[in-house]
Amino acid sequence: DGGHYENLGLWEMVARRCRFIVVSDAGCDPEYRFDDLSNAVRRIRLDLGIPIQFRSLPMTRDGQGHGNPHAAIGVIRYSVVDGAGAPDGTILYLKATLSGDETVDVWNFARTDPAFPHDSTSDQFFDEAHFESYRTLGFHTVLSVAHGIEGADIEALCKAAARNVPPVTAGHAAGSSPQAAAAGG
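Residues numbered from 1 in each chain as written. Predicted model: local features only at pLDDT ≥ 70, side-chain atom pairs only at ≥ 80, totals over all residues. Heavy atoms only, no water.

A. Fine view of the overall build of the chain. The helix and strand inventory of the chain stands at seven helices and four strands. Scanning the chain from its N terminus toward the C terminus, one meets helices and strands in the order α-β-α-β-β-α-β-α-α-α-α. For the chain, with 185 residues in total, the buried portion stands at 43%. The long-range fraction of contacts in the chain, counting pairs at least 24 apart against all pairs at least 6 apart in sequence, stands at 63%. (Helix = DSSP H or I, 4+ residues; strand = E, 2+ residues; numbered from the N terminus. Buried < 20%, exposed > 50% of the residue type's maximum accessible area, 1.4 Å probe, protein only. Contact = heavy atoms within 4.5 Å.)

Written out as structure tokens, the structure is:
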């Protein structure tokens, strides 16, 4: 949590030149505007001069429950500021969304709570079913991108995710959609 400056905590990790970053975004975003991600990317580019680009941000409101991927892969262009020899970074962006392959208890909870998984973050008092549904969705999200992981570190997770996150489709390439443009793509 980056506090009220940027809610993902991404700015601090980029400032420290982390090569592999995993960001989990469970903020209230039912319209899939990527406000928290866009704010972080914009602040990083303005403050640090480092662009972050995503090959795709294909999660949509219409895809909620019908094939939305749980993640996107991005490149942190450290070389723009640090010189051509500086290694760029990888960002694995995990988004709270329903893809249609979640467990039956998560699907049941989503049917009884239409806001799920985009509840307002001002509600910090979840009952057991609510908390467990978010926990299970998070676990499922990580498993969906970590399939075939070789190793037990962040670099291995990012490499597995690069294989498991759906490829760019027409209209979703970085820079060709409003979401990608907003996120610096």
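B. Summary view of helix α4 (residues 104-112). Val106, Trp107, Phe109 and Ala110 are the residues of α4 that are buried. The buried side chains of α4 occupy one side of the element, clustering within an arc of 160° when seen end-on. Exposed and facing more than 90 degrees away from the buried side of α4 are Val104, Arg111 and Thr112. Summarising the contacts, the buried residues of α4 are in contact with α5 (128-146). (Arc of directions from axis to C-beta.)

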